[in-house]
Each structure stands twice: as C-alpha cells, then as structure tokens.
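Notes for the structure review
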Amino acid sequence: MGKLIITESSGASRELVLDKERVSIGRHADNDICLNDKAVSGHHAVIITILSDSFLEDLDSTNGTLVNGKQIAKHPLSNGDTVTIGRNSLRYEAELQGTGEDFEKTMILRPAQLAAAMNTPPATPDKPQTGRLRVESGSNAGRELELTKALTTIGKPGVQVAAITKRVDGFYIVHVGGAAGGKRPMVNGTEIDAQARKLNANDIIELAGTQMRFLLA
C-alpha cells in the first residue's frame, strides 16, 4: 500500500499510510486528514485505495484540487505525484515491489494439476462477470451504465457520492462523500457502513434520491 507525505501550510510534516479503503481530506475535524486552512473546504477530497492502487477525487471543493500543478476532478495516483490542497502539499509514494527473495516461495498448481491431486475433474473456467446499473426511478429511468472500469463513481458531489469497484471476486460499493452529517447510500433499504459492501445481482442502490438496480451478466 502507498503512503502520503503531508506538509501543512504551517510547515509541519507527517506521514499517513493508506491502509484504509477510503481516506477523506478536508478542514472539518471528522476527516481522516484534517487540514487547518481556510482555503480548504470542509470535505474537500477523498482517496479510494483498491489493493495497491489509489484514486483521488475532488468533492466539488471551492478552491479545487491540484495534482502536479494541474486541477483535477478524478485522478489515479502514481508514485511521486504531488497533491496541492489550499496551501498544503501531499506527496504520494507508492509501495515498491521487492525482489523475489523478499517473498515466501509458494508452490503453484495449475487447475488440472490441482484436480489430479484432489482426484476430481478440472472445472471449466467461469466467464468473467460484467456488471451494470439500471436507473429505476426519476426522469432517467431505464438508462443503464456499464461498469467496465476498476472504479466508477456515481452520485452528486456535495450531496452523496459512492464508488463501485470491480474486483476479482465481484463488484463492491463504498461511500465516498457527501453533505456533512448526511447519510450513506443504501442497498436494499439498509445504509451501508464505512467498509465496502459486495453487490449481488438485483440489489437496489439508493443514492442521491435515485434508485438503481445492480445487474450481472
């Protein structure tokens, strides 16, 4: 996992390991990274980390978020990127992969070898699942969104925003941000918690006043 080298406007410096799926940044005290700077919005930006990859998203802040001097809305972070929020600097450092000697030696069996060892016929590989969202309410009812990216953000900045992540074992939804003190998105009528929730076929997502059905193919 990566980490941030945070240099605040006061000159104070600290490190934060990105070991949480969602790290919020802003001026309010309820953020994971609280920046005491009037140029920073209450809930300014968020970093979503999926396995070894981290994605930065501006939460419709007043003064914007810069990466390497350029204003961004969403940005996949790379080693050495410098994020500027107000008068504060956050340098992203990715976890560097070690050499083979750093890892335990593991015996890897191919499916056919494993089946032979277990005395069972090899299973036919499953076709990768594809997901999509179908809007169930409002003026956009019937419209669909294909979930082809590793991370897709949905919702209304400043109201409710969620991210749907595509992983090896399926699709997950995680709360990204929204109005201060506001509720998190709901799945099948239940508010999701701070951790990512796995989606099942035909789950109903309620987000920013809109209902969407999650479909698998």
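Everything below is about the structure shown above.
Here we summarise the structure given alongside this text. The model shown is predicted, which means the values in this text are computed figures rather than measured ones.

Attention shifts here to the overall build of the protein. Helix and strand counts for the protein stand at one helix and 21 strands. Within the protein, the fraction of its 217 residues that count as buried is 36%.

Let's shift gears to the pairing of strand β3 (residues 22-26). For β3, the buried fraction is high: five of the five residues fall into the buried class. Burial of the side chains of β3 extends over both faces: R22, S24 and G26 are buried on one face and V23 and I25 on the other. Across four bridges, β3 lies against strand β5 (residues 45-50) in antiparallel orientation. Residue pairing for β5: V23 is matched across the bridge by I47.

Here the focus is the pattern of salt bridges. A complete count under the given rule lists 10 salt bridges for this structure. Where D32 meets K20, a salt bridge forms, and the shortest distance between an N and an O atom there is 2.6 Å. With a gap of 12 residues between them, D32 in the loop between β3 and β4 (33-34) and K20 in the loop between β2 (13-17) and β3 connect regions that are remote in the sequence. Residue classification places D32 among the partly exposed residues on the basis of a relative accessible area of 32%. Between R91 and E93 there is a salt bridge, with the nearest N and O atoms lying 3.7 Å from each other. Here the residues in one salt-bridge network are K3, E15, R91 and E93, joined through shared partners.

This part covers unusual backbone geometry. The residue D60 is not glycine, and still its phi comes out positive at about 55 degrees. In this structure, D60 sits in the loop between β6 (53-58) and β7 (65-67). Here D60 falls in the exposed class, since its relative accessible area comes to 58%. Positive phi, close to 55 degrees, is recorded for N188, a residue that is not glycine. Positionally, N188 belongs in the loop between β17 (186-187) and β18 (190-191).

Thresholds applied
- Residues numbered from 1 in each chain as written.
- Predicted model: local features only at pLDDT ≥ 70, side-chain atom pairs only at ≥ 80, totals over all residues.
- Heavy atoms only, no water.
- Helix = DSSP H or I, 4+ residues; strand = E, 2+ residues; numbered from the N terminus.
- Buried < 20%, exposed > 50% of the residue type's maximum accessible area, 1.4 Å probe, protein only.
- Pairing = 2+ DSSP bridges.
- Salt bridge = Lys/Arg side-chain N within 4 Å of Asp/Glu carboxyl O.

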